[in-house]
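# Chains, contacts and geometry: an overview
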Amino acid sequence: MSRWTRDPFTTNFWPLVMTKIFFITVLFLALSARMAFGLVSGSQLTNQTMATVHSVESSSATSRISVEAMAQAHSVANTSSPWVGLGANYEFNQRVSLGLRGFVPMSQPVDQSTYSVQAYSRIFLRSFRTNEFFFEPDYALNFYKLYPFQSAGGAVGVLNHISQDIAVGASGGLETAHYVIDSVGLERTSNFVVYPKIGFISDFYF
């Protein structure tokens, strides 16, 4: 055999090796590109998520108006009549809001019960997940058979935000006034008379 005769094994070996190297290189580049694309996509997703969270936080930090429905019992003047009320609340920030609501009696005869217009402030003390704990001082102008009398009080409560636009909760506290309603009617007392109260709240934000 001539020394210049090519070995078949050697002749087929290097092209095969080069082909494998080529395909391995292409595969490596494809995987690298895929990983890079995944990292970019993950980064974009993270940025979008952070932007969404920031948007929600910014939205919650801005002023909001809510319409409030409330049922309350034993507030001012012992009429033994539950009240139902409707009002509006303006939330300046995540700490303080101001509101105005009116109450009408639910018992009969209604002319023996008290009507009320109440201004209040809601001071949020602490938030835990979707729950907000608050303190609520109030001042009210009440009417019994068209006779007005004033009262003031305070309550503590909690609101549970079941969605971004709806919150429900409960409150309890004390109300005080110089007047009491008994079997005789509306009577002024020398000292302040204190009445317990409990309420159930539904807020609708927009």
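About the criteria used
For every chain, the first residue of the written sequence is number 1, and numbering continues from 1 along that sequence. Local features in a predicted model are, by the rule used here, given only for residues with pLDDT of at least 70; side-chain atom pairs are given and counted only at 80 or more, and totals for whole chains, interfaces and linings are based on all residues. Side-chain metrics in this entry use all non-hydrogen atoms of the structure; hydrogen atoms and water are not considered. In plain words, nonpolar cores are sets of buried Ala, Val, Leu, Ile, Met, Phe, Trp, Tyr and Cys residues tied together by side-chain atoms within 4.5 Å. Accessibility here uses a 1.4 Å probe with only protein chains present; expressed as a share of the type maximum, an area under 20% marks a residue as buried, one over 50% as exposed, and anything in between as partly exposed. A contact between two residues is defined here by any heavy atoms of the two lying within 4.5 Å. Numbering of helices and strands runs from the N terminus; a helix is a DSSP stretch of H or I covering at least four residues, while a strand is a stretch of E covering at least two. One confidence number per residue, pLDDT, is output by the predictor and ranges from 0 to 100. Strand pairing is assigned whenever DSSP detects at least two bridges linking the two strands. Think of each axis as a best-fit line through the C-alpha atoms, taken over the contacting stretch in the case of a helix, with angles from 0 to 180 degrees between the N-to-C directions. The working definition used for a salt bridge is a side-chain nitrogen of Lys or Arg within 4 Å of a carboxyl oxygen of Asp or Glu. Stacked, edge-to-face and tilted are the three classes for Phe, Tyr and Trp ring pairs, Trp counted by its six-membered ring, which pair at centre distances within 6.5 Å; planes under 30 degrees apart are stacked, over 60 edge-to-face, the rest tilted. Note on criteria: charge over ring means Lys NZ or Arg CZ within 6 Å of the ring centre, with the direction from the centre no more than 35 degrees off the ring normal. Pairs of N or O atoms are called polar contacts if they sit within 3.5 Å, as long as, within protein, a hydrogen donor faces a hydrogen acceptor (for residues adjacent in sequence, only side-chain-to-side-chain pairs).

### Some details on the nonpolar core
- One finds Met 70, Trp 83, Phe 103, Phe 124, Phe 134, Leu 159, Ala 167, Ile 201 and Tyr 205 forming the largest nonpolar core, which totals nine residues.
- Beyond its immediate sequence surroundings of up to four residues, Phe 103 is in contact with Met 70, Gln 72, Trp 83, Val 84, Gly 85, Tyr 115, Ser 116 and Gln 118.

### Overview of the environment of Ser 113
- With respect to the helices, strands and loops of the structure, Ser 113 is situated in the loop between β3 (96–105) and β4 (115–128).
- The spacing of Ser 113 and Tyr 144 is 31 residues in sequence and 6.4 Å in space, taken between C-alpha atoms.

### Things to note about the confidence of the model for the protein
- For the protein, the average pLDDT comes to 76, and 62% of its residues sit at 70 or higher.
- Least confident of the elements in the protein is helix α1 (residues 8–61), whose mean pLDDT is 52; most confident is strand β5 (residues 131–144), at 94.
- Segment residues 1–6 is flagged for pLDDT under 50; beyond a separation of four residues in sequence, or across chains, it makes one contact in the model.
- Contacts of residues 49–60 to residues separated by more than four positions or lying in other chains number four contacts, the stretch itself having pLDDT below 50.

### Brief notes about the pairing of strand β8 (residues 186–205)
- For strand β1 (residues 64–73) and β8, the ladder comprises eight bridges, and the chain directions are antiparallel. Residue Met 70 lies in a different strand from β8, and its bridge partner there is Ile 201.
- Note: strand β7 (residues 166–181) against β8, 15 bridges, orientation antiparallel. Its bridge partner lying in β8, Val 180 is registered against Glu 187.

### Things to note about the sheet that holds β5
- Taken in spatial order, the eight strands of this closed barrel run β1-β2-β3-β4-β5-β6-β7-β8, and their pairing is antiparallel. Direction aside, the axes of adjacent strands within the sheet are offset by 25° on average.
- Bridging between β4 and β5 involves eleven bridges; their strand directions are antiparallel. From the neighbouring strand, Phe 124 faces β5, where its bridge partner is Phe 134.

### Side note on the pattern of salt bridges
- For the structure on display, the rule yields eight salt bridges.
- One salt bridge in this structure joins Arg 101 and Glu 68, with 2.6 Å as the shortest N-O distance. Of this pair, Arg 101 sits in strand β3 while Glu 68 sits in strand β1; the two residues are 33 residues apart in sequence, bridging distant segments of the chain.
- With its nearest N and O atoms 2.9 Å apart, the salt bridge here joins Glu 136 to Arg 122.

### Quick notes on the packing of aromatic side chains
- Throughout the structure, instances matching the rule amount to four aromatic pairs.
- The interplanar angle of 75° and the centroid separation of 4.8 Å between the aromatic rings of Tyr 90 and Phe 92 together place this pair among those described as edge-to-face.
- Note on Tyr 90: relative accessible area 34%, which makes it partly exposed.
- One Lys or Arg, Arg 101, reaches over the ring of Tyr 120 and ends 3.8 Å from the middle of that ring.
- When the ring centre of Phe 134 is taken as origin, the NZ or CZ atom of Arg 122, which lies over that ring, is 4.8 Å away.

### Overview of the side chain of Arg 122
- Relative to the assigned elements, Arg 122 resides in strand β4.
- Look at Arg 122 and you get buried, because its relative accessible area is 1%.
- Here the side chain of Arg 122 touches Glu 68 through a polar contact of 2.9 Å, side chain to side chain.
- In this structure, Arg 122 is in contact with Glu 68, Asn 89, Arg 95, Val 96, Ser 97, Arg 101, Phe 134, Phe 135, Glu 136, Leu 159, Ile 201 and Asp 203, ignoring residues within four places of it in sequence.

### What about the environment of Gln 150?
- Take Gln 150: it is sitting in strand β6 (residues 147–161).
- Note: C-alpha distance between Gln 150 and Ala 177 (27 residues apart in sequence) is 6.4 Å.
- Among the polar contacts made by the side chain of Gln 150, one reaches the side chain of Tyr 139 at a distance of 2.9 Å.

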